[in-house]
Amino acid sequence: MKKNSRFMSLCLSLAMLFGALVLPSSAGAAYGDRITITGTNFYAGGQQIFMNGANTPWNSWNDFGGSFDYTWWDNHFQTLRNNGINSTRIWITCDGEVGININSSGVVSGATTAHWNNLDSLFQIAQNRGVYVMATLMSFDHFKNTHTNYNSWRNMLSTNANIDSYVNNYLIPFVNRYKNNPWLWSIDLMNEPDWVYEDAAAGQIAWARLQTYFAKAAVAIHQNSNILTTVGLGMVKYNSATQSGSTGNKISDATLQAQVSNTLAKVDFYSPHYYGWQDPYFGIPFYMTPTAFGIVHDRPVVIGESPALGSTGHTITSDFANAYTNGYAGVMPWTSNGVDANGSITNLGPATQAFRDAHYNLVFPPATGDSAKFNFENNSLQSFFGRNGLAVSASTDRAYAGSYSLKMTSSATGVATYYAQLDNPSGLSANTTLTFRVWVPSGAAIASIQPYVQSNNWTWYGNYQTYASLTKNAWNTITLTTPSGAATPMKNIGVELVTTGAWSGSIYVDSIN
(Lines give C-alpha, C1' and ligand atoms only; values in the text may rest on other atoms or scores of the structure.)
Protein backbone atom coordinates (compact mmCIF):
# COMPACT_ATOMS: atom_id res chain seq x y z
CA MET A 1 0.00 0.00 0.00
CA LYS A 2 1.48 3.33 -1.03
CA LYS A 3 1.88 5.94 1.73
CA ASN A 4 4.36 8.37 3.22
CA SER A 5 6.65 7.51 6.10
CA ARG A 6 5.46 7.05 9.68
CA PHE A 7 7.43 10.15 10.59
CA MET A 8 5.38 12.29 8.21
CA SER A 9 2.19 10.76 9.55
CA LEU A 10 3.18 11.53 13.13
CA CYS A 11 4.09 15.09 12.22
CA LEU A 12 0.73 15.57 10.56
CA SER A 13 -0.95 14.15 13.64
CA LEU A 14 0.81 16.61 15.91
CA ALA A 15 -0.06 19.45 13.58
CA MET A 16 -3.69 18.49 13.80
CA LEU A 17 -3.60 18.25 17.57
CA PHE A 18 -2.38 21.82 17.78
CA GLY A 19 -4.54 23.05 14.91
CA ALA A 20 -8.13 24.02 14.37
CA LEU A 21 -10.78 22.79 16.74
CA VAL A 22 -13.38 20.34 15.49
CA LEU A 23 -17.09 20.86 15.10
CA PRO A 24 -19.72 19.03 17.11
CA SER A 25 -20.27 15.34 16.50
CA SER A 26 -23.03 13.85 14.35
CA ALA A 27 -26.63 14.72 15.03
CA GLY A 28 -27.40 11.32 16.50
CA ALA A 29 -24.62 11.49 19.05
CA ALA A 30 -25.14 12.32 22.73
CA TYR A 31 -21.96 12.44 24.79
CA GLY A 32 -19.74 15.00 23.06
CA ASP A 33 -22.63 17.15 21.89
CA ARG A 34 -23.21 20.70 23.11
CA ILE A 35 -24.68 20.56 26.62
CA THR A 36 -28.08 22.19 26.96
CA ILE A 37 -30.60 22.72 29.75
CA THR A 38 -34.17 21.59 30.19
CA GLY A 39 -35.69 22.45 33.55
CA THR A 40 -33.21 21.59 36.29
CA ASN A 41 -31.12 19.08 34.30
CA PHE A 42 -28.36 19.11 31.71
CA TYR A 43 -28.69 17.26 28.39
CA ALA A 44 -26.30 16.15 25.66
CA GLY A 45 -27.83 15.12 22.35
CA GLY A 46 -31.24 14.92 23.98
CA GLN A 47 -30.01 12.60 26.74
CA GLN A 48 -29.70 13.67 30.38
CA ILE A 49 -26.13 14.04 31.63
CA PHE A 50 -24.87 14.37 35.21
CA MET A 51 -21.61 16.29 35.58
CA ASN A 52 -19.47 13.61 37.21
CA GLY A 53 -16.79 16.19 37.59
CA ALA A 54 -13.68 17.60 39.18
CA ASN A 55 -11.65 20.76 39.50
CA THR A 56 -8.29 20.84 37.75
CA PRO A 57 -7.72 24.56 38.32
CA TRP A 58 -4.10 24.74 37.26
CA ASN A 59 -0.99 22.66 36.85
CA SER A 60 1.43 25.60 37.02
CA TRP A 61 -0.23 28.77 38.31
CA ASN A 62 -1.27 30.92 35.32
CA ASP A 63 -0.69 28.07 32.84
CA PHE A 64 -2.16 29.67 29.73
CA GLY A 65 0.39 32.09 28.40
CA GLY A 66 2.76 31.00 31.16
CA SER A 67 4.34 27.61 31.80
CA PHE A 68 1.76 25.53 29.94
CA ASP A 69 2.79 21.86 29.73
CA TYR A 70 0.94 20.10 26.91
CA THR A 71 2.07 16.63 27.96
CA TRP A 72 0.93 17.10 31.55
CA TRP A 73 -2.54 18.31 30.54
CA ASP A 74 -2.94 15.60 27.91
CA ASN A 75 -1.96 12.87 30.37
CA HIS A 76 -4.14 14.29 33.12
CA PHE A 77 -7.21 14.52 30.90
CA GLN A 78 -6.72 10.85 30.07
CA THR A 79 -6.52 10.13 33.81
CA LEU A 80 -9.76 12.02 34.33
CA ARG A 81 -11.54 10.03 31.63
CA ASN A 82 -10.13 6.74 32.93
CA ASN A 83 -11.66 7.58 36.32
CA GLY A 84 -15.12 8.16 34.87
CA ILE A 85 -14.87 11.96 35.07
CA ASN A 86 -16.75 13.67 32.27
CA SER A 87 -16.03 17.31 33.16
CA THR A 88 -13.52 19.50 34.92
CA ARG A 89 -13.28 23.15 35.98
CA ILE A 90 -10.14 25.01 34.88
CA TRP A 91 -8.94 28.51 35.78
CA ILE A 92 -8.16 30.24 32.49
CA THR A 93 -6.24 32.95 34.35
CA CYS A 94 -5.39 32.55 38.02
CA ASP A 95 -4.59 36.12 39.06
CA GLY A 96 -4.35 38.00 35.77
CA GLU A 97 -0.59 38.42 35.79
CA VAL A 98 -0.21 36.34 32.61
CA GLY A 99 -2.16 36.04 29.38
CA ILE A 100 -4.48 39.07 29.31
CA ASN A 101 -3.22 42.50 28.29
CA ILE A 102 -4.50 45.04 30.83
CA ASN A 103 -3.05 48.46 31.62
CA SER A 104 -2.82 50.21 34.98
CA SER A 105 -6.09 52.04 34.33
CA GLY A 106 -7.94 48.74 33.97
CA VAL A 107 -8.41 48.85 30.21
CA VAL A 108 -8.13 45.45 28.53
CA SER A 109 -6.77 45.39 24.99
CA GLY A 110 -6.66 41.65 24.30
CA ALA A 111 -4.52 38.63 25.08
CA THR A 112 -1.07 37.33 24.25
CA THR A 113 -0.38 34.96 21.38
CA ALA A 114 0.95 32.40 23.86
CA HIS A 115 -2.31 32.57 25.82
CA TRP A 116 -4.39 31.77 22.74
CA ASN A 117 -2.00 29.07 21.53
CA ASN A 118 -2.06 27.33 24.90
CA LEU A 119 -5.86 27.49 25.07
CA ASP A 120 -6.09 26.10 21.54
CA SER A 121 -4.12 23.12 22.79
CA LEU A 122 -6.21 22.76 25.94
CA PHE A 123 -9.52 22.61 24.11
CA GLN A 124 -8.13 20.21 21.52
CA ILE A 125 -6.98 17.96 24.39
CA ALA A 126 -10.50 18.15 25.84
CA GLN A 127 -11.88 17.04 22.47
CA ASN A 128 -9.33 14.27 22.05
CA ARG A 129 -9.82 12.87 25.56
CA GLY A 130 -13.56 13.44 25.77
CA VAL A 131 -13.77 15.63 28.88
CA TYR A 132 -16.00 18.71 29.10
CA VAL A 133 -14.42 21.95 30.39
CA MET A 134 -15.92 24.61 32.63
CA ALA A 135 -13.71 27.62 31.96
CA THR A 136 -13.31 29.89 34.99
CA LEU A 137 -12.24 33.24 33.57
CA MET A 138 -11.03 34.97 36.72
CA SER A 139 -10.85 34.64 40.50
CA PHE A 140 -10.89 36.80 43.60
CA ASP A 141 -7.12 36.34 43.37
CA HIS A 142 -7.04 38.90 40.55
CA PHE A 143 -8.04 41.59 43.05
CA LYS A 144 -5.87 40.57 46.02
CA ASN A 145 -2.96 42.79 46.96
CA THR A 146 -0.57 39.85 46.78
CA HIS A 147 0.56 40.36 43.19
CA THR A 148 1.81 43.23 41.05
CA ASN A 149 -1.20 44.14 38.93
CA TYR A 150 -4.06 43.82 41.41
CA ASN A 151 -4.99 47.49 41.05
CA SER A 152 -5.38 47.04 37.30
CA TRP A 153 -8.10 44.45 37.91
CA ARG A 154 -9.81 46.55 40.57
CA ASN A 155 -9.81 49.42 38.09
CA MET A 156 -11.29 47.15 35.44
CA LEU A 157 -14.39 46.72 37.60
CA SER A 158 -14.55 50.39 38.54
CA THR A 159 -16.17 51.71 35.35
CA ASN A 160 -18.59 50.36 32.78
CA ALA A 161 -16.22 51.38 30.00
CA ASN A 162 -13.42 49.29 31.49
CA ILE A 163 -15.73 46.29 31.89
CA ASP A 164 -16.73 46.77 28.25
CA SER A 165 -13.05 46.69 27.24
CA TYR A 166 -12.69 43.29 28.92
CA VAL A 167 -15.90 41.98 27.35
CA ASN A 168 -15.21 43.32 23.85
CA ASN A 169 -11.46 42.75 23.63
CA TYR A 170 -11.08 39.50 25.55
CA LEU A 171 -14.33 37.72 26.40
CA ILE A 172 -16.04 37.92 23.00
CA PRO A 173 -12.87 36.84 21.13
CA PHE A 174 -12.57 33.93 23.61
CA VAL A 175 -16.17 32.91 22.98
CA ASN A 176 -15.95 33.21 19.21
CA ARG A 177 -12.69 31.30 19.10
CA TYR A 178 -14.04 28.27 20.98
CA LYS A 179 -17.84 28.35 20.65
CA ASN A 180 -17.85 25.63 17.97
CA ASN A 181 -16.07 23.22 20.29
CA PRO A 182 -18.85 21.60 22.38
CA TRP A 183 -16.30 20.42 24.96
CA LEU A 184 -16.27 24.00 26.27
CA TRP A 185 -19.62 23.44 27.95
CA SER A 186 -19.72 26.42 30.32
CA ILE A 187 -18.05 29.62 31.47
CA ASP A 188 -17.70 30.47 35.15
CA LEU A 189 -17.43 34.25 35.18
CA MET A 190 -15.53 34.46 38.47
CA ASN A 191 -14.29 32.16 41.19
CA GLU A 192 -15.67 33.14 44.61
CA PRO A 193 -16.46 36.84 44.15
CA ASP A 194 -17.66 36.70 47.77
CA TRP A 195 -14.11 37.48 48.86
CA VAL A 196 -13.81 40.43 46.47
CA TYR A 197 -16.79 41.89 48.32
CA GLU A 198 -15.83 40.86 51.87
CA ASP A 199 -12.03 40.85 52.03
CA ALA A 200 -10.13 44.13 52.42
CA ALA A 201 -7.10 42.49 50.78
CA ALA A 202 -9.24 41.94 47.66
CA GLY A 203 -10.65 45.47 47.55
CA GLN A 204 -14.07 45.08 49.19
CA ILE A 205 -15.66 45.97 45.88
CA ALA A 206 -19.41 46.57 45.91
CA TRP A 207 -21.72 43.87 44.62
CA ALA A 208 -23.13 46.33 42.08
CA ARG A 209 -19.77 46.49 40.28
CA LEU A 210 -19.40 42.71 40.30
CA GLN A 211 -22.98 42.30 39.10
CA THR A 212 -22.43 44.76 36.28
CA TYR A 213 -19.52 42.64 35.06
CA PHE A 214 -21.54 39.41 35.40
CA ALA A 215 -24.48 40.93 33.52
CA LYS A 216 -22.44 42.41 30.67
CA ALA A 217 -20.42 39.20 30.31
CA ALA A 218 -23.51 36.98 30.33
CA VAL A 219 -25.19 39.07 27.64
CA ALA A 220 -22.08 38.88 25.44
CA ILE A 221 -21.77 35.11 25.84
CA HIS A 222 -25.45 34.51 25.13
CA GLN A 223 -25.48 36.83 22.13
CA ASN A 224 -22.49 35.12 20.55
CA SER A 225 -22.83 31.44 21.49
CA ASN A 226 -24.72 28.61 23.16
CA ILE A 227 -22.11 28.26 25.91
CA LEU A 228 -23.70 28.05 29.36
CA THR A 229 -22.88 30.58 32.09
CA THR A 230 -22.50 30.48 35.87
CA VAL A 231 -20.71 32.18 38.77
CA GLY A 232 -18.89 30.01 41.31
CA LEU A 233 -19.98 31.62 44.57
CA GLY A 234 -17.94 30.60 47.59
CA MET A 235 -20.83 30.70 50.05
CA VAL A 236 -24.43 29.73 49.37
CA LYS A 237 -25.67 32.70 51.39
CA TYR A 238 -24.88 34.88 48.36
CA ASN A 239 -26.80 32.47 46.10
CA SER A 240 -29.87 32.53 48.33
CA ALA A 241 -32.55 34.76 49.78
CA THR A 242 -33.25 32.41 52.70
CA GLN A 243 -29.91 31.07 53.95
CA SER A 244 -28.35 32.16 57.22
CA GLY A 245 -26.78 35.61 56.80
CA SER A 246 -28.28 36.12 53.34
CA THR A 247 -29.08 39.55 51.95
CA GLY A 248 -30.47 38.15 48.70
CA ASN A 249 -29.31 36.09 45.72
CA LYS A 250 -26.55 38.22 44.24
CA ILE A 251 -26.75 36.51 40.83
CA SER A 252 -30.50 36.18 40.37
CA ASP A 253 -31.96 37.18 37.02
CA ALA A 254 -33.62 40.22 38.58
CA THR A 255 -30.41 41.37 40.27
CA LEU A 256 -28.30 41.11 37.13
CA GLN A 257 -30.97 42.65 34.91
CA ALA A 258 -31.19 45.59 37.29
CA GLN A 259 -27.62 46.37 36.22
CA VAL A 260 -28.09 45.61 32.50
CA SER A 261 -31.63 45.74 31.15
CA ASN A 262 -31.47 42.67 28.95
CA THR A 263 -33.10 39.26 29.43
CA LEU A 264 -29.80 37.65 28.44
CA ALA A 265 -28.22 39.06 31.61
CA LYS A 266 -28.55 35.82 33.57
CA VAL A 267 -26.62 32.75 34.61
CA ASP A 268 -27.86 29.48 33.18
CA PHE A 269 -27.12 27.39 36.26
CA TYR A 270 -25.92 27.81 39.82
CA SER A 271 -22.63 26.36 41.08
CA PRO A 272 -22.13 27.19 44.79
CA HIS A 273 -19.08 25.92 46.67
CA TYR A 274 -19.01 23.89 49.87
CA TYR A 275 -16.33 23.23 52.51
CA GLY A 276 -16.58 21.82 56.01
CA TRP A 277 -16.11 25.16 57.76
CA GLN A 278 -19.55 26.10 56.42
CA ASP A 279 -21.38 23.24 58.18
CA PRO A 280 -22.65 25.20 61.21
CA TYR A 281 -23.91 28.04 59.03
CA PHE A 282 -25.37 26.44 55.91
CA GLY A 283 -25.32 22.66 56.34
CA ILE A 284 -23.99 20.02 53.95
CA PRO A 285 -25.63 20.32 50.51
CA PHE A 286 -25.30 16.71 49.38
CA TYR A 287 -27.71 15.54 52.08
CA MET A 288 -30.50 18.00 51.36
CA THR A 289 -32.24 19.24 48.24
CA PRO A 290 -31.12 22.46 46.55
CA THR A 291 -34.30 24.07 47.86
CA ALA A 292 -33.50 23.03 51.43
CA PHE A 293 -29.98 24.39 50.87
CA GLY A 294 -31.59 27.78 50.22
CA ILE A 295 -31.44 27.91 46.43
CA VAL A 296 -34.40 28.64 44.18
CA HIS A 297 -34.33 25.41 42.17
CA ASP A 298 -35.49 26.81 38.83
CA ARG A 299 -32.35 25.76 36.90
CA PRO A 300 -29.60 23.15 37.33
CA VAL A 301 -27.49 23.32 40.48
CA VAL A 302 -23.95 21.96 40.51
CA ILE A 303 -21.71 21.82 43.57
CA GLY A 304 -18.86 23.69 41.88
CA GLU A 305 -16.26 22.97 44.57
CA SER A 306 -16.15 20.61 47.55
CA PRO A 307 -13.34 18.65 49.19
CA ALA A 308 -12.16 15.63 47.22
CA LEU A 309 -11.71 14.05 50.65
CA GLY A 310 -15.48 14.15 51.17
CA SER A 311 -17.81 16.28 53.28
CA THR A 312 -17.75 16.29 57.06
CA GLY A 313 -18.50 12.80 58.37
CA HIS A 314 -19.13 11.35 54.90
CA THR A 315 -17.22 9.68 52.10
CA ILE A 316 -16.85 11.38 48.76
CA THR A 317 -18.61 8.36 47.19
CA SER A 318 -21.61 9.03 49.44
CA ASP A 319 -21.51 12.73 48.54
CA PHE A 320 -21.88 11.95 44.83
CA ALA A 321 -24.64 9.40 45.32
CA ASN A 322 -26.69 11.64 47.58
CA ALA A 323 -26.19 14.74 45.46
CA TYR A 324 -27.79 12.94 42.53
CA THR A 325 -30.60 11.54 44.68
CA ASN A 326 -31.37 15.01 46.04
CA GLY A 327 -31.62 16.62 42.62
CA TYR A 328 -28.26 18.23 41.96
CA ALA A 329 -27.05 18.21 38.36
CA GLY A 330 -23.38 17.62 39.11
CA VAL A 331 -20.52 17.58 41.59
CA MET A 332 -17.03 18.97 40.88
CA PRO A 333 -14.71 18.32 43.86
CA TRP A 334 -11.49 20.21 44.54
CA THR A 335 -9.13 18.91 43.08
CA SER A 336 -8.12 16.14 40.70
CA ASN A 337 -4.42 17.05 40.88
CA GLY A 338 -3.94 17.76 44.57
CA VAL A 339 -3.12 21.47 44.51
CA ASP A 340 -3.72 21.65 48.29
CA ALA A 341 -4.73 19.49 51.26
CA ASN A 342 -8.33 18.89 50.08
CA GLY A 343 -7.45 15.70 48.21
CA SER A 344 -6.63 14.49 44.72
CA ILE A 345 -7.60 11.88 42.14
CA THR A 346 -6.47 9.24 44.63
CA ASN A 347 -9.40 10.23 46.83
CA LEU A 348 -11.78 11.33 44.11
CA GLY A 349 -11.26 8.57 41.55
CA PRO A 350 -13.00 5.74 43.43
CA ALA A 351 -16.08 7.95 43.85
CA THR A 352 -16.32 9.04 40.23
CA GLN A 353 -15.72 5.48 39.06
CA ALA A 354 -18.42 4.20 41.39
CA PHE A 355 -20.93 6.79 40.18
CA ARG A 356 -20.04 6.05 36.56
CA ASP A 357 -20.49 2.32 37.09
CA ALA A 358 -23.84 2.85 38.82
CA HIS A 359 -25.12 5.39 36.26
CA TYR A 360 -23.07 4.85 33.12
CA ASN A 361 -25.62 6.23 30.69
CA LEU A 362 -26.06 9.32 32.85
CA VAL A 363 -22.32 10.06 32.85
CA PHE A 364 -21.66 9.08 29.23
CA PRO A 365 -25.09 9.32 27.55
CA PRO A 366 -25.56 6.89 24.68
CA ALA A 367 -26.62 8.05 21.26
CA THR A 368 -30.12 7.25 20.08
CA GLY A 369 -29.37 7.05 16.37
CA ASP A 370 -26.55 7.56 13.90
CA SER A 371 -26.75 10.09 11.10
CA ALA A 372 -23.01 10.03 10.37
CA LYS A 373 -21.89 9.56 6.77
CA PHE A 374 -20.40 6.13 7.58
CA ASN A 375 -22.56 4.55 10.25
CA PHE A 376 -22.67 0.84 9.23
CA GLU A 377 -26.38 0.67 10.06
CA ASN A 378 -28.68 -2.00 8.63
CA ASN A 379 -25.81 -4.51 8.60
CA SER A 380 -24.03 -2.53 5.86
CA LEU A 381 -20.25 -2.34 5.44
CA GLN A 382 -20.77 0.65 3.12
CA SER A 383 -18.09 -0.86 0.84
CA PHE A 384 -15.38 -0.96 3.55
CA PHE A 385 -13.13 -4.02 3.20
CA GLY A 386 -10.19 -5.54 5.03
CA ARG A 387 -6.60 -5.60 3.81
CA ASN A 388 -3.70 -7.87 4.77
CA GLY A 389 -6.01 -10.59 6.05
CA LEU A 390 -8.15 -8.38 8.28
CA ALA A 391 -11.72 -9.63 8.69
CA VAL A 392 -14.37 -6.89 8.71
CA SER A 393 -18.09 -7.09 9.41
CA ALA A 394 -21.01 -4.90 10.43
CA SER A 395 -21.62 -5.86 14.04
CA THR A 396 -24.17 -5.29 16.77
CA ASP A 397 -21.63 -6.20 19.48
CA ARG A 398 -21.47 -2.51 20.34
CA ALA A 399 -22.13 0.84 18.68
CA TYR A 400 -21.18 4.42 19.38
CA ALA A 401 -24.50 5.46 17.88
CA GLY A 402 -27.36 3.51 16.40
CA SER A 403 -27.14 -0.30 16.46
CA TYR A 404 -24.16 -1.27 14.27
CA SER A 405 -20.45 -0.57 14.02
CA LEU A 406 -17.58 -1.78 11.83
CA LYS A 407 -15.86 -4.73 13.51
CA MET A 408 -12.18 -5.19 12.65
CA THR A 409 -10.95 -8.67 13.68
CA SER A 410 -7.28 -9.57 13.87
CA SER A 411 -5.86 -13.08 13.72
CA ALA A 412 -2.23 -11.93 13.83
CA THR A 413 0.45 -14.55 14.49
CA GLY A 414 3.07 -11.83 15.01
CA VAL A 415 3.60 -8.13 14.39
CA ALA A 416 1.10 -7.15 11.71
CA THR A 417 -0.44 -4.12 10.04
CA TYR A 418 -4.07 -4.23 8.99
CA TYR A 419 -6.38 -1.79 7.22
CA ALA A 420 -10.14 -1.39 7.06
CA GLN A 421 -10.58 0.77 3.99
CA LEU A 422 -13.06 2.33 1.60
CA ASP A 423 -11.81 3.22 -1.89
CA ASN A 424 -12.95 6.30 -3.80
CA PRO A 425 -15.12 7.78 -1.03
CA SER A 426 -17.58 10.37 -2.29
CA GLY A 427 -18.09 13.77 -0.75
CA LEU A 428 -14.69 14.13 0.95
CA SER A 429 -13.07 17.46 0.13
CA ALA A 430 -9.91 19.30 1.11
CA ASN A 431 -9.91 21.35 4.31
CA THR A 432 -12.34 18.93 5.96
CA THR A 433 -12.35 17.67 9.54
CA LEU A 434 -13.21 13.98 9.88
CA THR A 435 -14.32 12.42 13.16
CA PHE A 436 -13.83 8.69 13.87
CA ARG A 437 -15.12 6.76 16.91
CA VAL A 438 -12.90 3.83 17.80
CA TRP A 439 -13.40 1.25 20.58
CA VAL A 440 -10.43 -0.81 21.76
CA PRO A 441 -10.33 -3.61 24.34
CA SER A 442 -8.03 -3.80 27.34
CA GLY A 443 -5.14 -6.26 27.38
CA ALA A 444 -4.75 -6.31 23.59
CA ALA A 445 -1.47 -6.71 21.71
CA ILE A 446 -2.06 -3.47 19.83
CA ALA A 447 0.69 -0.98 19.05
CA SER A 448 -1.37 1.76 17.43
CA ILE A 449 -4.57 2.86 15.74
CA GLN A 450 -4.56 5.41 12.93
CA PRO A 451 -7.54 6.82 11.03
CA TYR A 452 -6.36 8.06 7.65
CA VAL A 453 -7.25 9.54 4.29
CA GLN A 454 -5.20 9.33 1.11
CA SER A 455 -5.53 12.15 -1.39
CA ASN A 456 -5.67 11.84 -5.16
CA ASN A 457 -1.87 11.95 -5.38
CA TRP A 458 -1.59 9.29 -2.64
CA THR A 459 -0.51 11.69 0.12
CA TRP A 460 -1.27 10.11 3.47
CA TYR A 461 -3.07 12.16 6.13
CA GLY A 462 -3.45 10.33 9.44
CA ASN A 463 -3.82 10.82 13.18
CA TYR A 464 -1.55 8.27 14.82
CA GLN A 465 -2.66 7.09 18.28
CA THR A 466 -0.63 4.73 20.44
CA TYR A 467 -2.61 2.02 22.20
CA ALA A 468 -1.41 3.39 25.55
CA SER A 469 -3.01 6.76 24.79
CA LEU A 470 -6.47 5.32 24.11
CA THR A 471 -9.19 4.72 26.68
CA LYS A 472 -9.81 0.98 26.91
CA ASN A 473 -13.24 -0.62 26.68
CA ALA A 474 -14.69 2.73 25.64
CA TRP A 475 -15.29 4.84 22.57
CA ASN A 476 -12.45 7.18 21.67
CA THR A 477 -13.03 10.22 19.45
CA ILE A 478 -10.19 10.75 16.96
CA THR A 479 -10.18 13.56 14.43
CA LEU A 480 -8.06 14.46 11.43
CA THR A 481 -8.15 17.39 9.06
CA THR A 482 -7.25 17.33 5.40
CA PRO A 483 -5.31 20.47 4.42
CA SER A 484 -6.71 23.01 1.99
CA GLY A 485 -4.20 21.93 -0.65
CA ALA A 486 -5.04 18.22 -0.56
CA ALA A 487 -5.50 16.76 -4.04
CA THR A 488 -9.07 15.61 -4.70
CA PRO A 489 -11.02 13.44 -5.20
CA MET A 490 -9.70 11.33 -2.34
CA LYS A 491 -8.36 7.87 -3.10
CA ASN A 492 -9.45 6.20 0.12
CA ILE A 493 -10.39 6.51 3.78
CA GLY A 494 -9.78 3.96 6.50
CA VAL A 495 -8.38 2.88 9.84
CA GLU A 496 -4.96 1.27 10.32
CA LEU A 497 -4.45 -1.29 13.08
CA VAL A 498 -0.90 -2.34 14.07
CA THR A 499 -0.28 -5.23 16.47
CA THR A 500 2.75 -5.76 18.69
CA GLY A 501 2.67 -9.52 18.21
CA ALA A 502 0.27 -12.44 18.01
CA TRP A 503 -3.25 -11.33 18.83
CA SER A 504 -6.72 -12.55 18.05
CA GLY A 505 -9.33 -9.98 18.87
CA SER A 506 -11.42 -7.10 17.60
CA ILE A 507 -11.67 -3.35 17.62
CA TYR A 508 -14.73 -1.38 16.51
CA VAL A 509 -15.15 1.76 14.39
CA ASP A 510 -18.34 3.79 14.16
CA SER A 511 -19.94 7.09 13.28
CA ILE A 512 -17.33 8.43 10.84
CA ASN A 513 -18.48 11.94 10.01
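Further up the page is the structure itself.
Residues numbered from 1 in each chain as written. Predicted model: local features only at pLDDT ≥ 70, side-chain atom pairs only at ≥ 80, totals over all residues. Heavy atoms only, no water.

**Observations concerning the sheet that holds strand 1 (residues 35-38)**
- Taken in spatial order, the three strands line up as 1-2-3 in an open sheet, and their pairing is antiparallel. Only two strands of the sheet have a single neighbouring strand rather than two, namely strand 1 and strand 3 (47-49). Strand-to-strand twist in this sheet, taken as the mean axis angle between neighbours without regard to direction, amounts to 50°.
- Relative to strand 3, strand 2 (residues 41-44) is paired through three bridges, and the arrangement is antiparallel. By the bridge assignment for strand 3, Ala-44 is matched with Gln-47. (Pairing = 2+ DSSP bridges. Helix = DSSP H or I, 4+ residues; strand = E, 2+ residues; numbered from the N terminus. Axes fitted to C-alpha atoms, helices over the stretch in contact; angles between N-to-C directions.)

**Observations regarding helix 4 (residues 150-158)**
- Within helix 4, burial applies to Ser-152, Trp-153, Arg-154, Met-156 and Leu-157.
- Looking at the buried residues of helix 4, the elements they touch are strand 6 (100-102), strand 7 (108-111), helix 5 (160-178) and helix 7 (207-224). (Buried < 20%, exposed > 50% of the residue type's maximum accessible area, 1.4 Å probe, protein only. Contact = heavy atoms within 4.5 Å.)

**What to know about the packing of helix 5 against helix 7**
- Two elements in contact, helix 5 and helix 7, have axes separated by 10 Å at closest approach and are oriented at 35°. The way helix 5 lies across helix 7 gives a crossing that is right-handed. Of helix 7, the residues touching helix 5 (which contributes Asn-160, Ile-163, Asp-164, Tyr-166, Val-167, Leu-171, Ile-172, Val-175 and Asn-176) are Arg-209, Thr-212, Tyr-213, Lys-216, Ala-217, Ala-220, Ile-221 and Asn-224.
- Class assignment for the residues of the contact of helix 5 with helix 7 results in ten nonpolar, four polar and three charged. (Left-handed = near helix turned anticlockwise from the far one by under 90°. Nonpolar A, V, L, I, M, F, W, Y, C, P; charged D, E, K, R; others polar.)

**A word on the nonpolar core**
- Tyr-166, Phe-174 and Tyr-213 are the most contacted members of the largest nonpolar core, which totals 105 residues.
- Once residues within four sequence positions are removed from consideration, Tyr-213 is found in contact with Leu-137, Met-138, Leu-157, Ile-163, Tyr-166, Leu-189 and Met-190.
- Phe-374, Phe-376, Ala-420 and Ile-478 belong to the second largest nonpolar core, which has 35 residues in total. (Core = buried A, V, L, I, M, F, W, Y, C linked by side-chain atoms within 4.5 Å.)

**Considerations on the pattern of salt bridges**
- In the structure shown here, the tally under the stated rule is ten salt bridges.
- Among the salt bridges present, the one from Arg-177 reaches Asp-120, with a minimum N-O distance of 2.9 Å. Of this pair, Arg-177 sits in helix 5 while Asp-120 sits in helix 3 (residues 113-129), and the two are 57 residues apart along the sequence.
- Overall, the relative accessible area of 38% leaves Arg-177 in the partly exposed class.
- Judged by its relative accessible area of 14%, Asp-120 falls in the buried class.
- We note a salt bridge from Lys-237 to Glu-198, for which the minimum N-O separation is 3.5 Å. Here Lys-237, found in the loop between strand 10 (228-232) and helix 8 (253-259), pairs with Glu-198, found in helix 6 (residues 194-198); they are 39 residues apart in sequence, far enough to count as distant.
- A network of salt bridges, in which partner residues are shared, links Arg-89, Asp-188 and Glu-305. (Salt bridge = Lys/Arg side-chain N within 4 Å of Asp/Glu carboxyl O.)

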